[in-house]
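# Coordinate analysis (summary)
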Amino acid sequence: MTATPKTFLVCHGAWSAGWAWKKMHPLMSKAGHRLVTPSYTGLGDRAHLAQPGIDLEAHIADMLAVIKYEDLRDFVLIGHSYGGMVATGVADRVRDKVQQLIYVDAFVPQDGQSLLDFLPESEQRRMREGAQSGDGWRVPPNPTPPDTPSEDIAWLNERRVNMPIKCFETKLKLEKGPLTLPRSYVYATRFPPANVFGQFAKMTKNDSAWRYFEIDASHSPNVTAPEALMTLLETIAA
């Protein structure tokens, strides 16, 4: 157990929701920490609220509401994958409440950038075509990494839902300028998806404002390598 128990608040990835962090809860609890894993509007246990107007700002607002009503302060904020977009916006709005920010194989946007800005044109086109061929406003999930156990694939596929494309198109607005709070980047080195996150690994590895870490896991270590992720998060947070 670390010297002081921490509260970790997770901004989860696309197509997923708070449920995807299920394996992390007993590990955090056993170590004396609190893990808070809300779901964004339109996903997970809130999938019934999905509608075409949901965008990145809506998901930032979801997290800010959790912080307000759960009275969270001095917490560690985690952004996984798309959740890096959300976490950056959240950290901007409540800078006085976030102790530190940890990006887990996540997007790291600057002011005015959208998630699609970080993808090659072919990938942007694929996502837009995916939305158009369905209901016109939601993108089907990306495939799970090849090292995902078969029982986890069944569990994931049963719960992942299509994602409003506006979430990927919305440009982040930083209201209070660039972030200056302590930040760490965790790069998942196994089976990087089109190596989208390599650009952030390279950027943060060579920037003294960041702490840089690697994990021998694929894109969702909360599913495929929970113990290794737990050890790393404790090390960083301490």
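Please refer to the structure higher up on the page.
The paragraphs below set out a description of the structure included in this document.

It is worth spelling out the nonpolar core at this point. Leu9, Leu77, Tyr82, Val86, Phe107, Phe168 and Leu233 are the most contacted members of the largest nonpolar core, which totals 80 residues. It is helix 9 (residues 226-237) that contributes the most residues to this core, 6 residues altogether. If we ignore the near neighbours within four places in the chain, the residues touching Phe168 are Ala14, Trp15, Tyr82, Ser114, Leu115, Leu116, Met127, Val139 and Met163.

This structure, assessed with the given rule, holds 15 salt bridges. Linking Asp92 and Arg93 is a salt bridge whose minimum nitrogen-to-oxygen distance equals 3.2 Å. On the basis of relative accessibility, which here comes to 14%, the residue Arg93 falls in the buried class. Across the salt bridge formed by Glu175 and Arg93, the nearest N and O atoms sit 3.7 Å from each other. Separated by 82 residues along the polypeptide, Glu175 in the loop between helix 6 (166-169) and strand 7 (183-188) and Arg93 in helix 3 (residues 83-93) bring together distant segments of the chain. Relative accessible area serves as the criterion here: at 57%, Glu175 is assigned to the exposed category. Shared partners join several salt bridges into a network, and the residues in it are Glu57, Asp92, Arg93, Arg95 and Glu175.

Take unusual backbone geometry next. Of note in the backbone geometry, Asp71 takes a positive phi value of approximately 55 degrees without being a glycine. Take Asp71: it is sitting in the loop between helix 2 (56-69) and strand 3 (75-80). The residue Asp105 is not glycine, and still its phi comes out positive at about 45 degrees. Counting through the fold element by element, Asp105 comes out in the loop between strand 4 (98-104) and helix 4 (121-133).

Here we take up the layout of surface pockets. Space left empty within the atom packing is revealed by a probe, the size of a water molecule, rolled over the atoms. For the largest pocket, the calculated volume is near 670 Å³. As for the largest pocket, its lining consists of 35 residues, of which Trp15, Ser81, Asn142, Pro143 and His219 are closest to the centre. The set of elements that each furnish at least two residues to the lining of the largest pocket consists of helix 4 and helix 8 (221-224).

So, about the sheet that holds strand 4. On the basis of which strands lie adjacent, the open sheet formed by 6 strands has the order 2-1-3-4-7-8 and parallel pairing. Among the strands making up the open sheet, the edge pair consists of strand 2 (34-36) and strand 8 (210-215). Here the strands of the sheet are splayed against their neighbours by 20 degrees on average, with no regard to which way each runs. Of the pairings in the sheet, the one linking strand 3 to strand 4 comprises 6 bridges and is parallel in character. Residue pairing across strands places Gly79 opposite Tyr103, the latter belonging to strand 4. The sheet contacts of helix 3 involve strand 1 (7-11), strand 3 and strand 4, and relative to strand 3 the element is tilted by about 145 degrees. Helix 9 contacts strand 1, strand 3, strand 4, strand 7 and strand 8 of the sheet and is inclined by roughly 165 degrees relative to strand 8.

Moving on, we get to the environment of Arg34. Tracing the backbone through its elements, the reader meets Arg34 in strand 2. Arg34 sits 29 residues away from Pro5 along the chain, and the two C-alpha atoms are 7.6 Å apart. Each residue touching Arg34, except ones within four places of it in the same chain, is listed here: Lys6, Thr7, Phe8, Glu70 and Leu72. Within polar-contact distance, the side chain of Arg34 engages the side chain of Glu70 at 2.7 Å.

To continue, consider the environment of Leu172. Position of Leu172 among the secondary structure elements: in the loop between helix 6 and strand 7. The sequence separation of Leu172 and Glu57 amounts to 115 residues, and the corresponding C-alpha distance is 7.9 Å.

Further remarks concern helix 9. At 3.6 residues per turn, the α-helix brings residues three or four places apart onto the same side. Taking 1.5 Å as the rise per residue, helix 9 with 12 residues should run 16 Å; its terminal C-alpha atoms sit 16 Å apart, in good agreement. For helix 9, every residue scored as buried is listed here: Pro226, Leu229, Met230, Leu232, Leu233, Glu234, Ile236 and Ala237.

In this section: the pairing of strand 1. With 5 of 5 residues buried, strand 1 lies mostly within the body of the structure. Residues Thr7, Leu9 and Cys11 line one face of strand 1 and the alternating positions Phe8 and Val10 line the opposite face, and both faces are buried. Inspection of the sheet shows strand 1 paired to strand 2 by 3 bridges, in the parallel sense. Within strand 2, the position partnered with Phe8 by the bridge is Leu35.

Definitions and limits used
Residues numbered from 1 in each chain as written. Predicted model: local features only at pLDDT ≥ 70, side-chain atom pairs only at ≥ 80, totals over all residues. Heavy atoms only, no water. Core = buried A, V, L, I, M, F, W, Y, C linked by side-chain atoms within 4.5 Å. Buried < 20%, exposed > 50% of the residue type's maximum accessible area, 1.4 Å probe, protein only. Helix = DSSP H or I, 4+ residues; strand = E, 2+ residues; numbered from the N terminus. Contact = heavy atoms within 4.5 Å. Salt bridge = Lys/Arg side-chain N within 4 Å of Asp/Glu carboxyl O. 1 Å grid on protein atoms, 1.4 Å probe; cavity = no way out; pocket = protein on both sides within 12 Å on 5 of 7 lines; lining within 4 Å. Points joined across faces, edges and corners; volume = space filled by probe spheres on them. Pairing = 2+ DSSP bridges. Axes fitted to C-alpha atoms, helices over the stretch in contact; angles between N-to-C directions. Polar contact = N/O pair within 3.5 Å; in protein donor to acceptor, adjacent residues only side chain to side chain. Expected span 1.5 Å × (residues − 1).

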